[in-house]
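# Reading the structure
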Amino acid sequence: MASLDRVKVLVLGDSGVGKSSLVHLLCQNQVLGNPSWTVGCSVDVRVHDYKEGTPEEKTYYIELWDVGGSVGSASSVKSTRTVFYNSVNGIILVHDLTNKKSSQNLYRWSLEVLNRDSMPTGVLVMNGDYDQEKFADNQIPLLVIGTKLDQIHETKRHEVLTRTAFLAEDFNAEEINLDCTNPRYLAAGSSNAVKLSRFFDKIPGFPDRKRLLGGTFKNLHYD
């Protein structure tokens, strides 16, 4: 197989929200049969056709970096995680739709990456208030994904999805809500699949991305 450019996407969120199951579904198009806790970081690869069907079409490897841990970790653990935060081209923020705290913690996860040099430690979201200025200069593409949609009762679903819509708006990102045990949520041609492709198209296609992210596209051969 010919060498292809690769781009790096972080997959961030609290332990137990389903990041490993999501990454497996995105890369293998299969349900992960026996999920386990991620220690450190796990990387899987997805092939993406950038701007498919246009003269600019090009195939990339999308590396999905599933980062383990918790935003409540000790500073030494946070410092260790920063080694995964270099040369980032995109971020997928994952939260459990049945766990409101995991949704609120996405602000802290994203700021841990964007402000990795200063490493904020305090609670960044209180009583639902959020300072959008903290993300005003961010130019890294973001996508918000809510998991465990199947576990929300129909009578509560509208309330939960309305709340998470505001979450995605804060990040100026599209959102996808799904059940990682059901591949149909990412079926070809579905609205979720379109959003996912649109997010991946932003990663290699953003102007001056090498300069903005302090990294470079790397050429990698996968056997």
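Use the structure listed above.
Residues numbered from 1 in each chain as written. Predicted model: local features only at pLDDT ≥ 70, side-chain atom pairs only at ≥ 80, totals over all residues. Heavy atoms only, no water.

A tally of helices and strands in the protein yields six helices and seven strands. Scored against the burial criterion, the 223 residues of the protein give a buried share of 44%. Accessible surface, the protein as shown: approximately 11,500 Å² in total, 48% of it carbon and sulfur. (Helix = DSSP H or I, 4+ residues; strand = E, 2+ residues; numbered from the N terminus. Buried < 20%, exposed > 50% of the residue type's maximum accessible area, 1.4 Å probe, protein only. Areas by Shrake-Rupley, 256 points an atom, 1.4 Å probe, with all protein chains shown as cover.)

Two faces, one strand: in a regular strand the side chains alternate between the faces of the sheet. Burial of strand β5 (residues 142-147) is extensive: six of the six residues sit out of reach of the surface. Residues of β5 alternate between two faces, with L142, V144 and G146 on one and L143, I145 and T147 on the opposite face, all of them buried. One ladder, built from six bridges, connects strand β4 (residues 90-96) with β5; its direction is parallel. Following the sheet pairing, H95 is matched in β5 by G146. The pairing of β5 with strand β6 (residues 174-177) spans four bridges and is classified as parallel. The residue bridging L143 from the neighbouring strand is E174, located in β6. (Pairing = 2+ DSSP bridges.)

Here we take up helix α1 (residues 19-28). Since the α-helix turns once every 3.6 residues, residues separated by three or four places project in the same direction. Along α1, eight of the ten residues are buried, which leaves the element largely enclosed by surrounding structure. Residues of α1 that are buried include every one of K19, S20, S21, L22, V23, L25, L26 and C27, and no others. The positive-phi residue at the C-terminal boundary of α1 is N29, with phi of around 55 degrees.

We now examine the packing of aromatic side chains. Within the structure shown, the criterion is met by four aromatic pairs. Taken together, a centroid distance of 5.1 Å and an interplanar angle of 25 degrees make the contact between Y107 and F171 stacked. With Y107 in helix α3 (residues 100-114) and F171 in the loop between α4 (154-170) and β6, the pair connects residues that are 64 residues apart, well separated along the chain. Comparing Y107 with F171 shows no difference in burial state: the two are buried. Over the ring of W65 we find K8; its NZ or CZ atom is 4.0 Å from the centre of that ring. Seen from the ring of Y185, R184 lies directly overhead, with NZ or CZ sitting 4.6 Å from the centre. (Phe/Tyr/Trp six-rings, centres within 6.5 Å; stacked < 30°, edge-to-face > 60°. Lys NZ or Arg CZ within 6 Å of the ring centre and 35° of its normal.)

What follows concerns α4. Taking 1.5 Å of rise per residue, 17 residues should cover 24 Å, and α4 covers 25 Å from first to last C-alpha, within 8% of that figure. Every buried residue of α4 is accounted for by R157, V160, T164, L167 and A168. End-on, the buried residues of α4 take up no more than an arc of 90 degrees, which puts them together on one face. The exposed set on the far side of α4, more than 90 degrees from its buried face, consists of T155, H158, E159, F166 and E169. Summarising the contacts, the buried residues of α4 are in contact with β4, α3, β5 and β6. Of the residues trailing α4, N172 is marked for its positive phi of about 55 degrees. (Expected span 1.5 Å × (residues − 1). Arc of directions from axis to C-beta. Contact = heavy atoms within 4.5 Å.)

Looking at the element boundaries, S190 is found in the loop between β6 and α5 (191-205). Judged by relative accessible area, which is 19%, S190 ranks as buried.

All right, on to the nonpolar core then. If you look at the biggest cluster of nonpolar residues, it comprises 30 residues, and the most contacted ones within it are L22, L64, I92 and L178. Mapped by element, the contributors of at least two residues to this core are β1 (4-12), α1, β3 (58-67), β4, β5 and α5. Considering each element in turn, this core owes the most residues, five residues, to α1. With residues near it in sequence (within four places) discarded, L64 still touches V9, V11, V23, L26, C27, S42, V43, D44, I92 and F200. Counting residues in each nonpolar core, the second largest holds 20 residues, with L106, W109, V144 and L167 among its members. (Core = buried A, V, L, I, M, F, W, Y, C linked by side-chain atoms within 4.5 Å.)

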